[in-house]
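# Architecture at a glance
Listed below are the residues making up each chain.
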Protein chains: 2
Amino acid sequence: MERKKAQEDMIVYLNNVFIKDKAACISPADRGFTLGDGVFDTLLVLDGQLRHAKAHFARLLKHASVLRIKTNETPESLESAALHLLKKNKFVMGRYALRTTITRGAGVRGLLPPDESVPTLLMRVSSAVSPDSLPPVYAVISQTTRRNEFSPLSRIKSLQYGDNLLALLEAKDRDANEALILNTAGHISCSTTGNIFILEKGRLLTPPLSDGALNGITRTLVMRNTTVKEQSLTPEHLTEAEGIYLTNSLSGIRAVEKLEEKTIDSKNAFYNALTGLEVI
Amino acid sequence: MERKKAQEDMIVYLNNVFIKDKAACISPADRGFTLGDGVFDTLLVLDGQLRHAKAHFARLLKHASVLRIKTNETPESLESAALHLLKKNKFVMGRYALRTTITRGAGVRGLLPPDESVPTLLMRVSSAVSPDSLPPVYAVISQTTRRNEFSPLSRIKSLQYGDNLLALLEAKDRDANEALILNTAGHISCSTTGNIFILEKGRLLTPPLSDGALNGITRTLVMRNTTVKEQSLTPEHLTEAEGIYLTNSLSGIRAVEKLEEKTIDSKNAFYNALTGLEVI
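Here's a quick rundown of the structure. (Residues numbered from 1 in each chain as written. Chains lettered and ligands numbered in written order. Predicted model: local features only at pLDDT ≥ 70, side-chain atom pairs only at ≥ 80, totals over all residues. Heavy atoms only, no water.)

### Topic: the state of the cysteines
We count it as follows: Here, a disulfide means two cysteine sulfur atoms that sit within 2.5 Å of each other. Numbering of helices and strands starts at the N terminus; helices are DSSP runs of H or I of at least 4 residues and strands are runs of E of at least 2.
Applying the stated rule across the entire model yields one disulfide over all chains. Here cysteine 25 of chain A is linked by a disulfide to cysteine 25 of chain B, with a sulfur-sulfur distance of 2.4 Å. With cysteine 25 of chain A in the loop between strand E2 (17-20) and helix H2 (31-35) and cysteine 25 of chain B in the loop between strand E2 (17-20) and helix H2 (31-35), the pair connects residues from two separate chains.

### What to know about the sheet that holds strand E6 (residues 120-127) of chain A
Two strands in a sheet stick together by hydrogen bonds in their backbones, pointing the same way (parallel) or opposite ways (antiparallel). Residue and element names in this part refer to chain A. Applied cut-off: Any two strands with at least two DSSP bridges between them are considered paired. In this description, contact between two residues means that some pair of their heavy atoms is separated by no more than 4.5 Å. Only the contacting stretch of a helix is used when fitting its axis, a line to C-alpha atoms as for every element, and angles between N-to-C directions run 0 to 180 degrees.
The strand order across the open sheet formed by six strands is E2-E1-E6-E5-E3-E4, and the pairing between neighbours is antiparallel. At either margin of the open sheet sits one strand with a lone partner, and together these are E2 and strand E4 (49-50). Note: strand E3 (residues 38-46) against E4, two bridges, orientation antiparallel. Note that in E4 the partner of leucine 46 across the bridge is glutamine 49. Docked against the sheet, helix H3 (residues 53-66) engages E3, E4, strand E5 (95-103) and E6, running at close to 175° with respect to E3. Lying over the sheet, helix H4 (residues 75-88) contacts strand E1 (11-14), E2, E3, E4, E5 and E6, oriented at roughly 45° with respect to E6.

### A closer look at the pattern of salt bridges
Residue and element names in this part refer to chain A. The condition is simple: Salt bridges are defined by distance alone: a side-chain nitrogen of Lys or Arg within 4 Å of a carboxyl oxygen of Asp or Glu. Here the term buried applies to any residue with accessible area under 20% of the maximum for its type, exposed to any over 50%, and partly exposed to those in between, with areas from a 1.4 Å probe on protein chains only.
Throughout the structure, instances matching the rule amount to 27 salt bridges over all chains. For aspartate 37, the salt bridge goes to arginine 104, with nearest N and O atoms at 2.5 Å. Of the two residues, aspartate 37 is situated in the loop between H2 and E3 and arginine 104 in the loop between E5 and E6; the sequence distance between them amounts to 67 residues. Between glutamate 257 and lysine 267 there is a salt bridge, and its shortest N-O distance comes to 3.5 Å. Residue glutamate 257 is located in strand E14 (residues 252-259), and its partner lysine 267 is located in the loop between strand E15 (262-263) and helix H8 (269-275); the two are separated by ten residues in the primary sequence. Given a relative accessible area of 23%, glutamate 257 falls into the partly exposed group. A cluster of three or more residues bridged by salt bridges with shared partners is formed by Arg31, Asp37 and Arg104.

### A few points about the relation of the copies chain B and chain A
For these two chain copies, the linking operation is a rotation about an axis paired with a shift along it. Inclusion rule: When the copies are overlaid, the least-squares fit takes in C-alpha atoms only where the residue has pLDDT of at least 70 in both copies.
At an RMSD of 0.0 Å, chain B and chain A line up after a rotation of 180° and a shift of 0.0 Å along the axis. Such a turn and shift between the copies fits a two-fold axis. With an isologous cut-off of 70% or more, the 100% of interface residues of chain B that recur at the interface of chain A puts this contact in the isologous class.

### Describing the packing of helix H3 (residues 53-66) of chain B against helix H4 (residues 75-88) of chain B
Residue and element names in this part refer to chain B. Keep this limit in mind: An angle below 35 degrees is treated as roughly parallel, one above 145 as roughly antiparallel, one from 65 to 115 as roughly perpendicular, and anything else as oblique. Take the far helix as the reference: if the near one is turned anticlockwise from it by less than a right angle, the crossing is left-handed, and if turned clockwise, right-handed. Basically, the charged four are Asp, Glu, Lys and Arg, the nonpolar ten are Ala, Val, Leu, Ile, Met, Phe, Trp, Tyr, Cys and Pro, and anything else, Gly included, counts as polar.
Here H3 crosses H4 at 120°, and the two axes come no closer than 9 Å. It follows that H3 is oblique to H4 by the angle criterion. The two elements H3 and H4 cross, and the hand of that crossing is right-handed. Contacts between H3 and H4 pair Ala53, Lys54, Phe57, Ala58, Leu60 and Leu61 from the former with Pro75, Glu76, Leu78, Glu79 and Ala82 from the latter. Within the contact of H3 with H4, the residues separate by chemical class into eight nonpolar, no polar and three charged.

### Thoughts on the interface of chain B and chain A
This is how the line gets drawn: When two components associate, each loses some accessible surface as probed by a 1.4 Å sphere; the sum of these losses over both components is called the buried area.
The interface of chain B with chain A comprises 59 residues on the first partner and 59 residues on the second. Per-residue buried area on chain B facing chain A is highest for Phe33, Arg109 and Leu111 of chain B; these three make up 16% of the total on that side. For the interface between chain B and chain A, the tally reads four salt bridges. Ionic pairing is found between aspartate 173 of chain A and arginine 68 of chain B, a salt bridge with its closest N-O pair at 2.6 Å.

### Things to note about the packing of aromatic side chains
Going by this rule: Ring geometry is summarised as follows: Phe, Tyr and Trp rings, the Trp one being its six-membered ring, pair when their centres sit within 6.5 Å, and such pairs are stacked at plane angles under 30 degrees, edge-to-face over 60 and tilted between the two. Remark: a charge is flagged as sitting over a ring if the NZ atom of Lys or the CZ atom of Arg is within 6 Å of the ring centre and within 35 degrees of the ring normal.
By the definition in use, this model includes eight aromatic pairs over all chains. Ring geometry for tyrosine 13 of chain B and phenylalanine 18 of chain B: centres 4.8 Å apart, planes at 45°, overall tilted. Taking relative accessible area as the criterion, tyrosine 13 of chain B reaches 8% and is therefore assigned buried. Among the residues examined, phenylalanine 18 of chain B registers a relative accessible area of 28% and is labelled partly exposed. A cation sits over an aromatic face here: lysine 258 of chain A above tyrosine 138 of chain A, 4.9 Å from the ring centre.

### Side note on the pairing of strand E3 (residues 38-46) of chain B
Residues and elements named next belong to chain B. Extensive coverage of E3 is indicated by the burial of eight of its nine residues. Note that E3 and strand E5 (residues 95-103) share nine bridges and pair antiparallel. Within the sheet, the bridge partner assigned to valine 45 lies in E5 and is tyrosine 96.

### A short note on the sheet that holds strand E4 (residues 49-50) of chain B
All names here are of chain B. The six strands lie next to each other as E2-E1-E6-E5-E3-E4, forming an open sheet whose pairing is antiparallel. Whereas interior strands pair on both sides, the edge strands pair on one side only; in this sheet they are E2 and E4. Against the sheet, H3 contacts E3, E4, E5 and strand E6 (120-127), and its axis sits at roughly 175° relative to E3. In the packing of H4 onto the sheet, contacts are made with strand E1 (11-14), E2, E3, E4, E5 and E6, and the angle to E6 comes to roughly 45°.

### With respect to the side chain of asparagine 148 of chain A
The condition that has to hold: Between N or O atoms, a polar contact is any pair within 3.5 Å; within protein, one atom must be a potential hydrogen donor and the other a potential acceptor, and residues adjacent in sequence are included only when both atoms are from side chains.
Within the element layout of this structure, asparagine 148 of chain A appears in the loop between strand E7 (137-141) and helix H5 (162-173). Within polar-contact distance, the side chain of asparagine 148 of chain A engages the backbone nitrogen of phenylalanine 150 of chain A at 3.0 Å. Leave out the neighbours within four places in its chain, and asparagine 148 of chain A touches Ser154 and Thr184 of chain A together with Arg146, Arg147, Asn148, Asp163 and Thr184 of chain B.

Okay, here's the thing in structure tokens:
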């Protein structure tokens with residue numbers, strides 16, 4: 001209860017206004033709520049510093065444009081708002097997650113967006129757990145659902161996390177805490193909250209975006225800092241991998257220590273070198 | 001402006017409270033808003049009567065259970081709330097759409113749902129246009145996206161309408177007002193807001209649910225009232241069809257009068273017999 005209360009007393013940024021979380025109000029007509037018509041981004045805040053803010057906000061705006069959501073925001077205006085939000089909350093030290101959501105805003109009933117709409121912009125900060133405190137990653141390959149690589153949504157961070165949710169619930173049922181999601185062709189696309197890399201014969205491989213992977217900021221940074229080959233991956237690749245790694249902006253690079261029933265020595269010398277890149 | 005004002009003054013039902021639309025407030029932590037973690041239903045209200053209410057609400061609760069959203073509501077309790085809502089709004093005569101949304105409710109940041117959550121229940125009523133006043137249906141086959149028949153979400157009415165939205169925006173670009181969506185195998189699954197039937201050699205065909213179709217209430221009623229064969233449909237089937245029909249609960253059975261560049265005589269004698277079934 002204490003934690004929840006703290007969250008409610010946090011300040012959020014909603015449509016140009018700084019307001020207490022418990023007073024913030026999303027319209028029931030907001031198309032983000034009614035139809036998943038929006039995008040979001042989550043970035044890491046370390047001791048008052050936004051990590052890779054410009055890359056995150058540039059991507060967020062690009063993803064909004066895939067849904068043709070028009071906004072006057074720029075990466076710079078979003079960064080400025082985020083920094084103000086940290087100040088308002090006095091978040092000078094510590095580890096936080098900043099989530100920025102942009103939706104098309106309110107609309108009348110029906111699927112077709114209004115010709116003119118005023119987007120909703122919401123920024124919220126939450127405490128983030130250090131990756132060191134997280135349990136080891138035990139993953140399964142989801143049998144419940146697949147990722148749709150035919151859809152542009154598979155490559156943007158939209159508000160539509162239902163498939164990932166179903167896969168994660170399945171993982172929990174199977175005594176795991178993460179699920180890898182196949183695309184419709186049977187290739188690995190991603191985990192429920194990040195990109196995947198595998199180590200094969202000393203080389204890092206990752207699925208191409210066309211396999212239904214999101215262009216994760218951490219994925220991009222790993223690829224910029226070390227040699228990675230983009231290649232479609234099958235479940236067989238995973239079985240034979242010398243290491244399996246998941247990346248996202250909050251937890252960085254995490255080693256998968258068990259896949260289905262098989263233990264994997266992912267926390268090997270290569271992993272140590274990889275995490276030494278300090279990409280987050 | 002008048003219409004919008006009227007909407008704001010309408011009463012909505014939100015978590016057991018009747019409240020003015022403009023005063024209704026969805027929490028920014030609601031997982032329906034943050035992750036599309038919810039389901040909805042839209043049913044027709046004609047002169048104060050809820051059309052097929054029990055079927056709609058039973059389906060809604062079934063779909064909620066696919067996402068494992070726990071609620072104490074029953075079809076009867078939802079029907080009772082809906083009738084009260086109509087009374088509160090004095091909607092005795094006229095044609096309305098009643099939308100019921102159930103989400104998992106508020107949750108802390110992250111994909112995994114809280115062990116205990118209080119679902120959000122929202123009912124809103126909007127004016128509905130008579131199908132007679134709607135323009136003729138000009139449809140295209142979406143090239144932008146596909147429907148993911150591998151996902152359980154393709155068979156429930158979740159808050160995730162992004163693919164349908166992309167397809168509808170594409171239709172607008174192509175001077176049409178509706179799009180048909182292929183599944184990943186290249187079979188027709190549905191339109192952006194309804195099920196599809198085609199007339200071939202005097203017989204009605206419709207895609208099986210396994211092709212990524214939602215189990216529409218009107219679809220079910222059509223199948224109950226006339227002979228329909230479930231069969232996977234290709235774009236070639238459409239080209240050769242004697243008629244193409246779209247169904248949903250608000251508009252009933254609509255004839256597609258143009259597909260891509262080709263005019264179709266869907267409003268034929270068969271259509272007249274079909275609409276005579278009065279399934280909505």
